[in-house]
Amino acid sequence: MFKKCKIIKPDESVGWMVLRPEFRQLLADLAHDAIDGVAFYDLDRLVRQPRDLEDLIDRDPPLSAA
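Residues numbered from 1 in each chain as written. Predicted model: local features only at pLDDT ≥ 70, side-chain atom pairs only at ≥ 80, totals over all residues. Heavy atoms only, no water.

Draft legend 1. Representation of the pairing of strand 2 (residues 14-19). Where strand 1 (residues 3-8) lies against strand 2, six bridges are found, and the strand directions are antiparallel. Considered in strand 2, the bridge of Lys3 is made with Leu19. What sits between the antiparallel neighbours strand 1 and strand 2 is a turn of five residues, in which Glu12 has the positive phi angle 70°. (Pairing = 2+ DSSP bridges. Helix = DSSP H or I, 4+ residues; strand = E, 2+ residues; numbered from the N terminus.)

Below you can see the structure in the form of structure tokens.
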């Protein structure tokens, strides 16, 4: 289940951001070596927003494609 968060931009327009707590938990598990990797069949099944992909790329050590 996803939650939406209302975002008010600097120009006062309103946008919505989908919060993905399970994805955040996945990142935390990767960071703490609770899991070794993630298998997915298409990139759009893993990340929904460019920021999600950036979070995966920026992690240390970065994920590698297999």
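Following the structure, the description resumes.
Draft legend 2. Highlighting the pattern of salt bridges. Summed over the entire model, instances satisfying the criterion amount to four salt bridges. With its nearest N and O atoms 3.1 Å apart, the salt bridge here joins Arg20 to Asp52. With a gap of 32 residues between them, Arg20 in the loop between strand 2 and helix 1 (21-31) and Asp52 in helix 3 (residues 50-58) connect regions that are remote in the sequence. Judged on exposure class, the residue Arg20 and its partner Asp52 are both buried. Here Arg51 ties to Glu54 by a salt bridge, and the two come within 2.7 Å at their closest N and O atoms. (Salt bridge = Lys/Arg side-chain N within 4 Å of Asp/Glu carboxyl O. Buried < 20%, exposed > 50% of the residue type's maximum accessible area, 1.4 Å probe, protein only.)

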